[in-house]
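What follows is the residue order along each chain.
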Amino acid sequence: MEHKLKTYKKGEEFDYSYALGASPTIELLKNRPEDCFQVIFSPSYDDKDDKIKKLCGKYKIPCEENQKIINILSPKENCYAIGAFKKRSQTVDKNKSHVVLDNPSDMGNLGTIMRSCAGFGIQDIAIIGNGADAYNPKTIRASMGAFFHVNVECFADIRDYLKVYGERETYTFMLNAEYNLAELQSADGVGVYSLIFGNEASGLNYDVYKNVGKSVVIKHSSNIDSLNLPIAVSIALFWFTK
């Protein structure tokens, strides 16, 4: 399949994306080589072990030096390698636990959450609404390549998600909650579960989520009004997977 590489734009008509940076490109080549169709190097890239070139050779993926294309595709000056890959349709696994994000707005936060999920062994992320683009190169770079260790499925609203994945333990994280996370048992023996988090600015809509599963708060001091979303997700992941 031939693609003329150009600046990424969100939308169904753009059927490919980019892993910006050496580490995300290596994760792409190691975990989804069948999706990668081209790798571009900067002449300044120093790959002492030839990791990327060896992986490209192993999977017969074209690679070339081209600083001009690097400059077009990456807004950051310290990008020395880019992996171009095909988007794929994904579904989360019904038999595994999920992190569910309602309208996440920041691609950096989304990438960081992917990295935390991969780190704690949660491979499935559901995105509710028209939030941050999981395939945007900014998301993938923020994930440090963890994007290629997780599955992401999108839903129009929480009802669509619950129609398919509602038969499980569900926990909604909000300030006016019934349960304190520190007082909950860890999820050992619970089976599969979903941890649901709201938008960075507004959180979960109480009227929508008040009857969805168990509401949970992560208690903190009065010195702050709330936790940063990726930090809240990471704390919850640690608690539920410990």
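Residues numbered from 1 in each chain as written. Predicted model: local features only at pLDDT ≥ 70, side-chain atom pairs only at ≥ 80, totals over all residues. Heavy atoms only, no water.

### Notes on the overall build of the protein chain
Counting its regular elements, the protein chain contains 8 helices and 11 strands. The C-alpha radius of gyration computed for the protein chain amounts to 19 Å, which stays within 12% of the reference 18 Å derived for 242 residues, consistent with globular compactness. The C-alpha extent of the protein chain, read off along each of the three principal axes, is 55 × 40 × 30 Å. Counting every position in the protein chain, which comprises 242 residues, the buried fraction comes to 49%. Looking at the protein chain alone, contacts between residues at least 24 apart form 81% of all its contacts between residues at least 6 apart. (Helix = DSSP H or I, 4+ residues; strand = E, 2+ residues; numbered from the N terminus. Rg over C-alpha atoms; globule rule 2.2 N^0.38 Å. Buried < 20%, exposed > 50% of the residue type's maximum accessible area, 1.4 Å probe, protein only. Contact = heavy atoms within 4.5 Å.)

### Some remarks on the layout of surface pockets
There is about 500 Å³ of room inside the largest pocket. Lining the largest pocket are 20 residues, and of these K10, K87, D133, Y135 and C154 sit closest to its centre. Residue contributions to the lining of the largest pocket peak at 3 residues, all from strand β7 (residues 151-155). Residues of the lining of the largest pocket, tallied by class, amount to 8 nonpolar, 6 polar and 6 charged. (1 Å grid on protein atoms, 1.4 Å probe; cavity = no way out; pocket = protein on both sides within 12 Å on 5 of 7 lines; lining within 4 Å. Points joined across faces, edges and corners; volume = space filled by probe spheres on them. Nonpolar A, V, L, I, M, F, W, Y, C, P; charged D, E, K, R; others polar.)

### Remarks on the pairing of strand β11 (residues 214-217)
Sheet analysis places strand β8 (residues 169-173) next to β11, joined by 3 bridges and oriented parallel. Note on β11: the bridge partner recorded for T172 is S215. With 2 bridges connecting them, strand β9 (residues 179-180) and β11 associate as parallel partners. For Y179, the partnering residue across the bridge sits in β11 and is V216. (Pairing = 2+ DSSP bridges.)

### With respect to the state of the cysteines
If you walk through the whole model with that rule in mind, you get 0 disulfides. Free cysteine: C56, not disulfide-bonded; nearest cysteine sulfur from C63 at 4.4 Å. Here C79 is not disulfide-linked; the sulfur of C36 is the nearest cysteine sulfur, at 13 Å. (Disulfide = S-S within 2.5 Å.)

### Looking at unusual backbone geometry
The phi torsion at K60 lies on the positive side, around 55°, for a residue other than glycine. For K60, the position within the fold is in the loop between α2 (51-59) and β3 (63-65). With relative accessibility at 74%, the residue K60 sits in the exposed group. Not every positive phi belongs to a glycine, and M144 is a case in point at roughly 55°. The topology assignment puts M144 in the loop between α5 (137-142) and β7. The class for M144 is partly exposed, based on a relative accessible area of 38%.

### Structural notes on the pairing of strand β1 (residues 16-20)
Burial of β1 is extensive: 5 of the 5 residues sit out of reach of the surface. Every second residue of β1 is oriented toward a common face, with Y16, Y18 and L20 on one face and S17 and A19 on the other, all of them buried. Of the pairings in the sheet, the one linking β1 to strand β4 (residues 81-86) comprises 5 bridges and is antiparallel in character. When the bridges of β4 are listed, Y18 appears paired with A84.

### Re the packing of helix α4 (residues 107-119) against helix α8 (residues 229-241)
For any two helices packed against each other, one specifies the inter-axial angle together with the distance between the axes. For the pair α4 and α8, the least separation of the axes is 9 Å and the interaxial angle reads 15°. When the axis of α4 is compared with that of α8, the two are roughly parallel. You can see that α4 and α8 cross each other, and the crossing is right-handed. Facing α4, whose interface residues are N109, T112, I113, S116 and C117, α8 presents L229, P230, V233, S234 and L237. Class assignment of the residues belonging to the contact of α4 with α8 gives a composition of 6 nonpolar, 4 polar and no charged. (Axes fitted to C-alpha atoms, helices over the stretch in contact; angles between N-to-C directions. Parallel < 35°, antiparallel > 145°, perpendicular 65-115°, else oblique. Left-handed = near helix turned anticlockwise from the far one by under 90°.)

### Overview of the sheet that holds β4
Ordered by their spatial adjacency, 4 strands build an open sheet running β1-β4-β2-β3, and the pairing between neighbours is mixed. Each edge of the open sheet carries a strand with a single partner, namely β1 and β3. Within the sheet, the average angular offset between the axes of one strand and its neighbour, ignoring direction, is 20°. Seen against the sheet, helix α1 (residues 22-31) touches β1, β2 (36-41) and β4 and runs at an angle of roughly 35° to β4. Where α2 meets the sheet, its contacts fall on β2, β3 and β4, and the angle it forms with β2 comes to roughly 150°.

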